[in-house]
Amino acid sequence: MSVQLNHTIVAARDKETSAKFLAAMLDVPVGPRFGPFVPVEVSNGVTLDFADIGDRPITAQHYAFLVSENEFDAIFGRIKEAGVAYFADPHHDQPLKINHRDGGRGVYFDDPNGHNLEILTRPYGSGP
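So, how was this worked out
- Residues numbered from 1 in each chain as written.
- Predicted model: local features only at pLDDT ≥ 70, side-chain atom pairs only at ≥ 80, totals over all residues.
- Heavy atoms only, no water.
- Helix = DSSP H or I, 4+ residues; strand = E, 2+ residues; numbered from the N terminus.
- Buried < 20%, exposed > 50% of the residue type's maximum accessible area, 1.4 Å probe, protein only.
- Pairing = 2+ DSSP bridges.
- Axes fitted to C-alpha atoms, helices over the stretch in contact; angles between N-to-C directions.
- Contact = heavy atoms within 4.5 Å.
- Phe/Tyr/Trp six-rings, centres within 6.5 Å; stacked < 30°, edge-to-face > 60°.
- Expected span 1.5 Å × (residues − 1).
- Arc of directions from axis to C-beta.

## Considerations on unusual backbone geometry
Positioned with a positive phi, Asp27 is a non-glycine residue whose angle comes to about 60 degrees. Among the structural elements, Asp27 can be located in the loop between helix H1 (15-26) and strand E2 (38-41). Even without being glycine, Asp102 reaches a positive phi, approximately 55 degrees. As for its position among the elements, Asp102 is in the loop between strand E5 (86-87) and strand E6 (106-110). The class of Asp102 is buried, set by a relative accessible area of 19%.

## Observations regarding the sheet that holds strand E1 (residues 7-12)
Spatial ordering of the open sheet is given by E1-E3-E2, a layout of 3 strands whose pairing is mixed. Whereas interior strands pair on both sides, the edge strands pair on one side only; in this sheet they are E1 and E2. Mean inter-strand twist for the sheet, computed between neighbouring axes without regard to direction, equals 25 degrees. Two elements, E2 and strand E3 (residues 47-52), share 4 bridges in a ladder whose sense is antiparallel. When the bridges of E3 are listed, Val40 appears paired with Leu48. Running over the sheet, H1 touches E1, E2 and E3 and is turned about 150 degrees from E3.

## Looking at the packing of aromatic side chains
Within the structure shown, the criterion is met by 3 aromatic pairs. Between Phe21 and Phe109, the aromatic rings sit 6.4 Å apart at their centres with planes inclined by 55 degrees, giving tilted as the arrangement. Residue Phe21 is located in helix H1, and its partner Phe109 is located in strand E6; the two are separated by 88 residues in the primary sequence. Exposure class is identical for Phe21 and Phe109. Each is buried.

## What to know about helix H2 (residues 69-81)
Taking 1.5 Å per residue as the helical rise, H2 with its 13 residues ought to reach 18 Å, and the 18 Å between its terminal C-alpha atoms agrees with that figure. Of the residues making up H2, those classed as buried are Phe72, Ile75, Phe76 and Ile79. Taken end-on, H2 shows its buried residues confined to a sector of 100 degrees, consistent with a single buried face. Exposed residues lying more than 90 degrees from the buried face of H2 are Asn70 and Glu81. Tucked into the core, H2 has its buried residues touching H1, E5, E6 and strand E7 (116-120). Following H2 by one or two positions, Gly83 adopts a phi angle in the positive range, close to 75 degrees.

## Notes on the sheet that holds E5
Pairing in this open sheet of 4 strands is mixed, and the strands run E4-E7-E6-E5 from one edge to the other. Two strands lie at the open edges of the sheet, namely strand E4 (62-66) and E5, each paired on one side alone. Relative to E7, E4 is paired through 5 bridges, and the arrangement is parallel. When the sheet's bridge partners are listed, Leu66 is paired in E7 with Leu120. Together, E5, E6 and E7 form the strand contacts of H2, whose direction differs from that of E6 by roughly 35 degrees.

Okay, structure coming up:
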């Protein structure tokens, strides 16, 4: 069997709210609770399993999602409609812009816990 990412745990203050936020932005379903987790499954079968961590500090992580051009348009529209701040870069130095790396499009935005989310239409290093 080839090695595949199956799931990752995403630290949250409120796992339900955080899972619903990501699912709404990506237009994917929130799965049924599994133990202490609320999963959000993306189309390649990987789940992001949201878990409440109580009062412990959350270390912000980066989660990038490869999407089609049409999906980018739809997700970016939902980001703007929801009034979520967005940036062309992971350090948030270029607000209200998208990037065009590798001949595609990409944008960064934060989830309710400060995790840095990214949607991109071309994998890095794949362009001209």
